[in-house]
Amino acid sequence: MTVSIFTVTSKSAVVRWSRYEGAQSYRVTASLRNSAVPVVFATFGQNTVMGSVNSLTPNTLYTFRVEAIGNLNNMLADISADGSTAPDVPTIVMASSKQSQNITVEFSIVSGATSYILRAETNDGSFFSETPVPSSPGTVSNLQPYTDYTLSVMSVNYAGRSQPSISVEAKTVLPAPQFNTSSPSNSSILVRWEPVTHAVRYSLSITKDGSYTQDRLNTTETLVAFENLDPGTLYCMKGNAWSPENIPGDDFNVCQITRPPSTQITEMVVSSVSVASIVVSWVPAQGAQQYIALSSSGQNCSSTIPCPPQPIWVEEVVAGNCSVMWNSVPHAEVYTTFIKSDDGIEEMCNSSKTSCQFSCLCGYSYIMTVFAHNQAGSSPPGPVLNYTTLPCCPENTTISLESWETLKIEWSLVRGADLYETRAVDASEVILCNDTAPVCALSDLTCNTRYSVVVIPCNDIRGCNLTCRPQTHETAPCMPEIISVNQSNNSSVLVSWTSSNTAANYTVSAIGTVGDTYRCQSNSTSCQVPNLPCGSIYDISVTASSTVGDSMPSYTAPLETAPCCPLRLSVGQVTQAVSNVTWLPANGAQTYIVSLSAPRGNAQCHTMETECLMGCITCGTNYTISLEAISRTGQKAECTFHGFSTSECCPTGIRLFRGTNNTLRVRWRSSSPLTNYTAEVSGSQSTHTCSPLPGSNTV
């Protein structure tokens, strides 16, 4: 037998074992490590190979023992495995939201836990996530704004995870209003935004660049004008929306420069270098980025710097090779792209074209922006693009046959994956399993079927990586079905079955009531089990096997072999015409038919005893003795023994004749010419005997 710990919780463990031939049930016990005294036990049927034991203590070392029990309630075999329960269930202290996509959970620390898992789900079941965290507090991300969530926490150690804690409810805050700003004059800034659903009011503040003074206001409108500002000056505004529960939502920050003031020309110089022209100089204006000089004749010149490219986007034609793309902008001579990955590594790319290539690894997030340059200078910062690559494909994926129709798939955690979809596909069906853990069991598969199995990593931003390479694995052979069990002679039985397996070997097992087992093997659909003892009862089953594993044993068929012949038989003659036949009891026999056969006639007796009184026996005759032993189900054994001869027949027609000299002559009819006779004459005073020569009938 083999045994392993399939999974555990704080107070239970699921134990898996292999089937043991002849077992009628299995008993699973759990005892404290280094103790022989079981603290809990559970009993399971003969076709069960996985079961749970409950009422265990959290974070405790146990020894789990599986015992194979026979039909006499005797233990046939046992095996043990050491394991541990998961830590105790934590308690949530508080759950709150400070950002519209996050909820922070504070919970109690439990002994023995190496990490924790935060579970979040919506009441309608449309959202479910599990987030690993090292300790308290922990944060659940990628949530929807102003949405109610049910949260629970589980503790984790090397053995497994606990049951979820008592859940609590929490709601994410409102999202930030998306401000659009403009400066209609050099002394004002106008802020507009779309209404935020569920918001009852908005708070805004404005701060001048270089100042620590803030002006605040509350409003229920979606338009605010800030007046009496300095021209050409950078102002930054921050705002948020308030929920009906009077809880502030996410902040939104935006900066806007007021229109610059009018400038003043300080000098005009006529130049005759190469061509006649006028060089114009003026006083710089606060906040101005470019200037245009106009002449009375309609001529103009500018000190224009290019605008930043927008929009920018990423194309990933081949996994791992990305290109930042943008449209060309006026006056730009060269472009600089800044790229930063979420592990802090920065890259820079200069190009005169409208694209830039960079290596983008799977499971990473990148932020990037593009500047345009010319001789007048660089553009202001452009839009920042967030780009996330597909999660990496799992490596070290192993597939094992957990039971006859269940595959267990295990793999290593990969970067960028929030969820794993395990998919098994054959010609007619698709079996799916979704989980955040790197293990999955696909059950209820079709036996003797080759499945293409692939683990697909997914995240909320990019979706699922459909380029991962599948593996092929086959389920165990299908269970054979016995169609006939025929005893071909007294010591062998021919078993036939049907099966839909494409390529399998079969083992036929005949298991006796005392545990004795006989087997035969075949790659077809029949097999003859030899050397079965007479007078025995067996359960016949067939198991298919392949390189993948063994099938579920077939349903058993009962078999009773023919009875044994008696070890000894004897005949005693009671009278000249009556004989008594006795024999030892035969194993498996319930009734007997004894036959005496001779050319002069036959005699037969049918009895449940071990003796027969048989009449009508002919004297002086050689008989052949045969015995037929019959079982309770009608199985028969033909038994032949050495013959016996009855005693010589008595003479007939005896006559007495008086002779001379006080003599008597005796005459009779003889049954055989070779028989020796002795005549005896008894009188009142004496007895006389005489024996003639063999064959004579007179004395």
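Note that the structure is predicted; figures quoted are calculated from it, not measured.

**Concerning the overall build of the protein**
Move 1: The secondary structure content of the protein amounts to zero helices and 59 strands.
Move 2: Relative to the compact-globule value of 27 Å for 699 residues, the protein shows a C-alpha radius of gyration of 51 Å, a clear excess of over 25%.
Move 3: Seen through its C-alpha atoms, the protein measures out along the principal axes to roughly 200 × 60 × 40 Å.
Move 4: Within the protein, the proportion of its 699 residues that are buried is 41%.
Move 5: Sequence separation of 24 or more characterises 56% of the internal contacts of the protein that already satisfy a separation of 6 or more.

**Side note on the side chain of Ser25**
Move 1: By the element assignment, Ser25 lies in strand β3 (residues 25-32).
Move 2: Sequence-distant contacts of Ser25, defined by excluding residues within four places in its chain, comprise Thr43, Phe44, Gly45, Gln46, Glu67, Ala68 and Ile69.

**Description of the UniProt feature "domain: Fibronectin type-III" (unreviewed entry) in the protein**
Move 1: Residues given the UniProt feature "domain: Fibronectin type-III" (unreviewed entry) here are residues 86-175, 176-262, 308-392 and 479-564.
Move 2: In residues 86-175, the share of helix is 0% and the share of strand is 48%. The end C-alpha atoms are 38 Å apart.
Move 3: Helix makes up 0% of residues 176-262 and strand 51%, whereas the separation of the span's terminal C-alpha atoms amounts to 36 Å.

**Regarding the pattern of salt bridges**
Move 1: Inspection of every chain in the model, using the stated rule, returns 18 salt bridges.
Move 2: The salt bridge involving Asp78 is made with Arg65; its shortest N-O contact spans 2.8 Å. One end of the pair, Asp78, is in strand β7 (residues 75-84); the other, Arg65, is in strand β6 (residues 61-69), with 13 residues separating them in the sequence.
Move 3: Each member of the salt-bridge network shares a partner with another, and the members are Arg27, Arg65, Glu67 and Asp78.

**Description of the environment of Ser281**
Move 1: With respect to the element layout, Ser281 can be found in strand β23 (residues 277-282).
Move 2: On the basis of relative accessibility, which here comes to 28%, the residue Ser281 falls in the partly exposed class.
Move 3: When the C-alpha atoms of Ser281 and Thr266 are compared, they prove to be 5.7 Å apart, with 15 residues separating the residues in sequence.
Move 4: Ignoring any residue separated from it by four or fewer positions in sequence, one finds Ser281 in contact with Ile265, Thr266 and Glu267.

Cut-offs applied
- Residues numbered from 1 in each chain as written.
- Predicted model: local features only at pLDDT ≥ 70, side-chain atom pairs only at ≥ 80, totals over all residues.
- Heavy atoms only, no water.
- Helix = DSSP H or I, 4+ residues; strand = E, 2+ residues; numbered from the N terminus.
- Rg over C-alpha atoms; globule rule 2.2 N^0.38 Å.
- Buried < 20%, exposed > 50% of the residue type's maximum accessible area, 1.4 Å probe, protein only.
- Contact = heavy atoms within 4.5 Å.
- UniProt positions renumbered as here; feature names shortened; annotations may be inferred.
- Salt bridge = Lys/Arg side-chain N within 4 Å of Asp/Glu carboxyl O.

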